[in-house]
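Working through the structure, step by step
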Amino acid sequence: MSSINRIRKITYITLILLAVLFNLTGCSSKISETKTDEVKDSDNPQIGLSLDSYIIERWERDRDVFVATAKELGADINVQSANGDIELQISQIEYFIDKKVDVIVVVAIDSDKLTDVVKKAKDNGIHVIAYDRLISNANVDMYISFDNIKVGTMMGEEIASHYKNKKVIMICGAPTDSNVAMVNDGFEGVMKAHNIEIIDKTFCDGWKAELGADYVNKNLDIVSNADAIMCGNDDIATNVIRTLSIYRRAGQIDVVGQDADLAACQHIVEGTQNITVYKPVEKLASKAAQYAVDFAKGKEVKVDNTINDGKYDVPYVALEPISVNKNNIDEIIIDSGFHSKEDVYLNVTD
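Residue numbers here run from 1 along each chain, matching the order of that chain's written sequence. Selection of residues for local features in this predicted model requires a pLDDT of at least 70, selection of side-chain atom pairs for listing and counting requires 80 or more, and totals for whole chains, interfaces and linings are taken over all residues. Excluded from the side-chain calculations are hydrogens and water; all other atoms, namely the structure's heavy atoms, are used.

Structural notes on the sheet that holds strand 12 (residues 313–319)
- For two strands to count as paired, DSSP must find a minimum of two bridges between them. For helices the rule is a DSSP run of H or I covering at least 4 residues; for strands it is a run of E covering at least 2, with both sets numbered from the N terminus onward. With mixed pairing, the seven strands of this open sheet are ordered in space as 2-1-3-4-5-12-11. Edge positions in the open sheet fall to strand 2 (76–81) and strand 11 (305–308), since each of these has one partner strand only. This sheet shows a mean twist of 25° between the axes of neighbouring strands, independent of strand direction.
- Where strand 3 (residues 103–106) and strand 4 (residues 127–131) come together, four bridges link them in parallel fashion. In the strand pairing of strand 4, Ile104 is matched with Val128. Inter-axis angles, ranging from 0 to 180 degrees, are taken between N-to-C directions of lines fitted to C-alpha atoms, where helices are fitted over the stretch in contact.

Topic: the pattern of salt bridges
- What makes a salt bridge here is a side-chain nitrogen of Lys or Arg within 4 Å of a carboxyl oxygen of Asp or Glu, nothing more. Evaluation of the coordinates by the stated rule reveals 13 salt bridges.
- Residues Asp64 and Arg63 are paired through a salt bridge, measuring 2.9 Å at the closest nitrogen-oxygen approach.
- On the accessibility criterion, Asp64 (42% relative accessible area) is partly exposed.
- Residue Arg63 is classed as partly exposed on the basis of its relative accessible area of 21%. Note on exposure labels: buried denotes an accessible area under 20% of the residue type's maximum, exposed denotes more than 50%, and partly exposed covers the range between, all computed with a 1.4 Å probe on protein chains only.

Concerning the nonpolar core
- Ranked by internal contacts, the top residues of the largest apolar core, which has 67 residues, are Ile47, Phe66, Val105, Ile129, Tyr131, Ile144 and Ile159.
- Counting residues per element, this core draws most heavily on helix 11 (residues 281–296), which supplies eight residues.
- Note on contacts: a residue pair qualifies if any of its non-hydrogen atoms lie within 4.5 Å across the two residues. Discounting residues that sit within four places of it in the chain, Phe66 has contacts with Ile47, Leu49, Ile77, Val105, Ala285, Ala288, Ala289 and Ala292.
- What is meant by a nonpolar core is a set of buried Ala, Val, Leu, Ile, Met, Phe, Trp, Tyr and Cys residues, joined one to another through side-chain atoms within 4.5 Å. In this structure, Ile86, Ile97, Leu134 and Tyr316 belong to the second largest nonpolar core, which totals 27 residues.

Quick word on the pairing of strand 10 (residues 275–278)
- Covered by surrounding structure in strand 10 are Ile275 and Val277 together with Thr276 and Tyr278, the residues of both alternating faces.
- Summarising the sheet, strand 9 (residues 254–258) and strand 10 pair through three bridges and their orientation is parallel. Note on strand 10: the bridge partner recorded for Val256 is Ile275.
- Seen with the strands pointing away from the viewer, any crossover whose path from the first strand over the helix to the second strand runs clockwise is right-handed. A crossover links strand 9 with its parallel partner strand 10, the connecting element being helix 10 (residues 262–270), and its sense is right-handed.
- Two elements, strand 10 and strand 13 (residues 322–324), share three bridges in a ladder whose sense is antiparallel. For Thr276, the partnering residue across the bridge sits in strand 13 and is Val324.

Dropping the structure here:
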């Protein structure tokens, strides 16, 4: 065979191989495209969960129970945390709107500043549930929380039950949280009924618990005249108690809080915090998830009570809080599995 014929033969074989390779590649590409075309959006209920942040201990627990329950009910969940940034929370809710979710569940950072974006969601046919914190003037489909006035009442009744308590300081939570006003109303009502003087009142912006410690450090003259301190939550109470201990006043001034944080439970058995108001968040989160899935599936949701959001009467589900002290902490907190006995009594020796 001449060299020219060999070259022609090699060229011919090469072209055949290239053609075969091309066809194989083309088939592979078509298979991939077909698979892509076959992928459809999930038919499951689509739920967006918008959280304030994880700065408060309980929110991770709420999230986990909500997500687990909703998934068991067949829903797909997208969780967003705004890290305490209201503008970020608004943009995250707008993202849910763009995604055309069925329901948005919101733990509001600022009860007043979410009104417009909630209305936008509802205008787009999306149900909105205000979780734990009411959203102002927004006409949400549901507000589900605990009885926050009763939370404040329980804190006030504990302080009023001690004969020595005549002067009280209030170190409240974030003023942008609608629950704070309700808790304060309940607390102040008890103080008024028992002629107990509120000698000072301050707020912790953004629920920054360290502001409670700052208050004690900067106002020792006022604190020294107080018989009790009402704290907006247990995180604030913990910071207050730790600061009081520096001045050897921990256990001498009554302290109350809410949420049943582990540190608060430890302080109760140690004798430096009187009570915490326990709110069984597992019950709240699971109920909220059930309602969210029902809304997403188009089921009729009936609620007996309403609450005014400033402009509208909205459906309101209020769960019962529980006052926890040294006498019932084992039954309420430990037996329920909320915290373990080893953790609660960690710093207590027999």
